[in-house]
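Inside the fold
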Amino acid sequence: MGSIIEFDNVCFRYESDEENQILPLAVDNVSLCIEKGSFVAILGHNGSGKSTLAKLTNAINIPESGTVTVKGMNTSDEGFTDEIRKTVGMVFQNPDNQIVATIVEDDVAFGPENLGVAPSEIRRRVDEALKAVNMYDFRNSEPHKLSGGQKQRVAIAGVIAMQTECIVLDEPTAMLDPNGRKEVLSTVRKLNEELGITIIFVTHFMDEAVTADRVIVMDSGKVIIDGTPREVFSQADKLIDVGLDIPQATQLAYALNAEGIDIATDILDENECAEAIYKLLRSK
Ligand code: ADP
Ligand code: MG
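Quantities reported herein were computed from a predicted structural model and do not represent experimental measurements.

1. With respect to the site of ligand 1
The full set of residues close to ligand 1 is Tyr14, Leu23, Ala26, His45, Asn46, Gly47, Ser48, Gly49, Lys50, Ser51 and Thr52. Measuring from an oxygen atom of ligand 1, one finds a backbone N or O atom of Gly47 at 2.7 Å. Gly49 places a main-chain nitrogen or oxygen 3.1 Å from an oxygen atom of ligand 1. The fraction of the free accessible surface of ligand 1 (560 Å²) that becomes covered by protein chains is 57%. Taken together, the residues of the shell around ligand 1 break down into three nonpolar, seven polar and one charged.

Right under this line is the structure:
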């Protein structure tokens, strides 16, 4: 399908507030391609560089060295910044910081309005975007009266209304209750599957990463593991080493395996674990 975003030996560091002090690299020589239409999860403990990496994808951060390109456009070239931001939209952790209007539909219209889209076209895009995140019935509501999950879905609708081809979500579920988390994840999955929108989903929840096509694990600004969820979560020792959990079902299989029981360790969820245990019991 081809890639939509490419990182080529990218380094980034923040400037220190103190003179003569040079901070370590926050992103350290990262090379990767994000395939068009894919759903990629980015995992890593606090401070591992996930948000810095996310902000490199749409020219909020510009590399110190190396290049980031979005559909061939170099993010270091300011002439491309508008076009890049139209292509890659961002959703952040705190839903309250992302709402700018007092009525849901006005909030969703804000992005396309700023792009200079014609009013009739805005109307159409807002309705479509709200339907896509299942918030159309709330189009006349006041955002502050919505739940966290609903607010995040409105924020996602705002990005969709700009017709971005890729959405980068930086821990969008971190502040939500379990219901809100499920709403946001299933909404994002649907946008990926039905509209083909490329998704980069930063999370520290293992169960959310399990459903991705690909999982990228970061530590100290570097990509340390990159593969399918099964490939990644079967490397339990390495994940634990960098301060990450593994899914509970994987942990159970791992512990049983360590006790000498012949069970696979590349198990991702409760169903697979149940099936493996059932098979084991049947074979006795
Ligand atoms: P994550 O999102 O994985 O928690 P970040 O990308 O926010 O990680 O941070 C990566 C590193 O950069 C950390 O060491 C963090 O302390 C540092 N950092 C993040 N933002 C800033 C900033 N504005 N100024 C200086 N250092 C920062
Ligand atoms: Mg972060």
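2. Describing the packing of aromatic side chains
The tally for this structure, following the rule as stated, stands at two aromatic pairs. Ring centres of Phe12 and Tyr14 lie 4.9 Å apart, and the angle between their planes is 80°; on these two criteria the pair is classed as edge-to-face. Residue class for Phe12 comes out buried when judged on its relative accessible area of 9%. If you follow Arg181 out to its NZ or CZ, it ends over the ring of Phe205, 3.5 Å from the centre. Lying across the ring of Phe39, Arg189 places its NZ or CZ 4.5 Å from the centre.

Procedures and definitions
Residues numbered from 1 in each chain as written. Chains lettered and ligands numbered in written order. Predicted model: local features only at pLDDT ≥ 70, side-chain atom pairs only at ≥ 80, totals over all residues. Heavy atoms only, no water. Near = heavy atom within 4 Å. Polar contact = N/O pair within 3.5 Å; in protein donor to acceptor, adjacent residues only side chain to side chain. Areas by Shrake-Rupley, 256 points an atom, 1.4 Å probe, with all protein chains shown as cover. Nonpolar A, V, L, I, M, F, W, Y, C, P; charged D, E, K, R; others polar. Phe/Tyr/Trp six-rings, centres within 6.5 Å; stacked < 30°, edge-to-face > 60°. Buried < 20%, exposed > 50% of the residue type's maximum accessible area, 1.4 Å probe, protein only. Lys NZ or Arg CZ within 6 Å of the ring centre and 35° of its normal.

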